Amino acid sequence: MVSRTVSVVMVTMVIAVDAMNRAHLRGYQAFVSPDFVRGRHFFPTCNVFYFPDRETLAGARNKCRSTIFYEHPLELASLDDADSQEDVQIAQEYVFPSNAITDRGDPKNWVWSGIHWEGNQWVGTDGHDVVLESDIPMEGECPGEQDTCPRDNVILDHQGHYGRANAARKYPFACATRPAYLISANRVTWTKAKKICERMGLQLAIVTPKDVKRFKATMNFFLGRKRDGLKPFDPANWIWIGGSDRHKEGSWFWESGKKGLPISDIEKYPWRKLNRPLENGRETQPDNASRLGQEGQDVLAINRDGDYDDSYISARRKRAFACQCRFF
């Protein structure tokens, strides 16, 4: 007998767009580029990737499975937990603001869930049991002329209410994922990048040498492959991350939470090769621009090859940036 994990879902639970979610939404508005990610038109969060394009249930599942992330295909999100529901609500509000939706039945008001009726019970995408608290209202007409109109699949609206829909209906959808990082192509200063991540409820990324392989894969996913012929300090070659010694020169911290996390053995990180060796013949990093007779390189960036550099915090330096998801 196969054991199942039971997930109890409160159908009557309404996820209000409260002050916290509105603050997160403002962060995402600064994070997400106008044309979304690499033109693929999806809204990334730490729990789901939301696609506003309308698909049938089968189409939504296929689109998720054709999205390869960390070398694995995604699956349609069940949306039976508070975290994924809140992320979807933020995405819905960004793409289709609720104050512009006047009809509850408007497809833009809904998103496919992976919950469906199987046998004599509701189950999620991965087959786990989902116990729904009460009867779910039927939503939408059945496309075309059908003798029967089974509504054995679950959809979720802007307010966190469930509905039952026919699989041939077309709605936006969300794919389940748990990325370690979210990367924005929008170029901003390090200080603004830090504020944007925090408004989203996240933080600027912590990327240690053991994380570089995964981080490079994440850069390729969100930004596309590195272009050939990029100059070493082309803004397209660098991503802001969360390391800093701005409070005390030479004392490097990941700016996480109120106290931060000390960065140990930072000299052993894979640093960008200097254009010219220092006078003593050694390449010592981080160098705080001492070789140029300058100072002020107080924050960390990483390039598309996974090399680190201490960089200026000035308003002129604008780059893409990475936020870190809390559960990583």
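Residues numbered from 1 in each chain as written. Predicted model: local features only at pLDDT ≥ 70, side-chain atom pairs only at ≥ 80, totals over all residues. Heavy atoms only, no water.

Draft legend 1. A look at the overall build of the protein. What the protein contains, in helices and strands, is five helices and 20 strands. A buried classification covers 51% of the 328 residues belonging to the protein. Counting contacts in the protein only where the partners sit at least 6 residues apart, residues at least 24 apart contribute 72% of the total. As displayed, the protein has an accessible area near 16500 Å², and 49% of this comes from carbon and sulfur atoms. (Helix = DSSP H or I, 4+ residues; strand = E, 2+ residues; numbered from the N terminus. Buried < 20%, exposed > 50% of the residue type's maximum accessible area, 1.4 Å probe, protein only. Contact = heavy atoms within 4.5 Å. Areas by Shrake-Rupley, 256 points an atom, 1.4 Å probe, with all protein chains shown as cover.)

Draft legend 2. Region of interest: the state of the cysteines. If you walk through the whole model with that rule in mind, you get three disulfides. In this model Cys 46 forms its disulfide with Cys 325; the gap between the sulfur atoms is 2.0 Å. Disulfide Cys 46-Cys 325: torsion about the S-S bond near -85 degrees, hence left-handed. Here the residue Cys 46 occupies a position in the loop between β2 (43-44) and β3 (48-55), and Cys 325 occupies one in the segment after β20 (319-324), the gap between them amounting to 279 residues. In terms of burial, Cys 46 and Cys 325 fall into one category: buried. (Disulfide = S-S within 2.5 Å.)

Draft legend 3. Molecular detail of helix α2 (residues 57-65). Within the span of α2, buried status applies to Leu 57, Gly 59, Ala 60 and Cys 64. The buried side chains of α2 occupy one side of the element, clustering within an arc of 160 degrees when seen end-on. Against β3, β5 (72-73), β6 (75-76), β7 (110-118), β10 (153-157) and β12 (171-176) lie the buried residues of α2. (Arc of directions from axis to C-beta.)

Draft legend 4. Here's a closer look at the packing of aromatic side chains. Here the structure, examined in full by the defined rule, presents 21 aromatic pairs. Ring geometry for Tyr 28 and Phe 31: centres 6.4 Å apart, planes at 80 degrees, overall edge-to-face. Note that Tyr 28 and Phe 31 are positioned in helix α1 (residues 19-31) at a spacing of three residues, about one turn of the helix. For the pair Tyr 28 and Phe 31, a shared accessibility class is recorded, and that class is buried. Look at Phe 233 and Trp 238: their rings are 5.6 Å apart centre to centre, the planes differ by 10 degrees, and that puts the pair in the stacked class. A relative accessible area of 36% places Phe 233 in the partly exposed class. Site record: aromatic cluster; members linked through ring pairs are Phe 42, Phe 49, Phe 51, Phe 69, Tyr 70, Phe 173, Phe 221 and Phe 222. (Phe/Tyr/Trp six-rings, centres within 6.5 Å; stacked < 30°, edge-to-face > 60°.)

Draft legend 5. Structural context of the pairing of strand β11 (residues 162-165). Alternating positions in β11 separate into two faces, Tyr 162 and Arg 164 on one and Gly 163 and Ala 165 on the other, with burial throughout. A loop of four residues connects β10 with β11, the two strands running antiparallel in sequence, and Gly 160 in this loop sits at a positive phi of about 85 degrees. (Pairing = 2+ DSSP bridges.)

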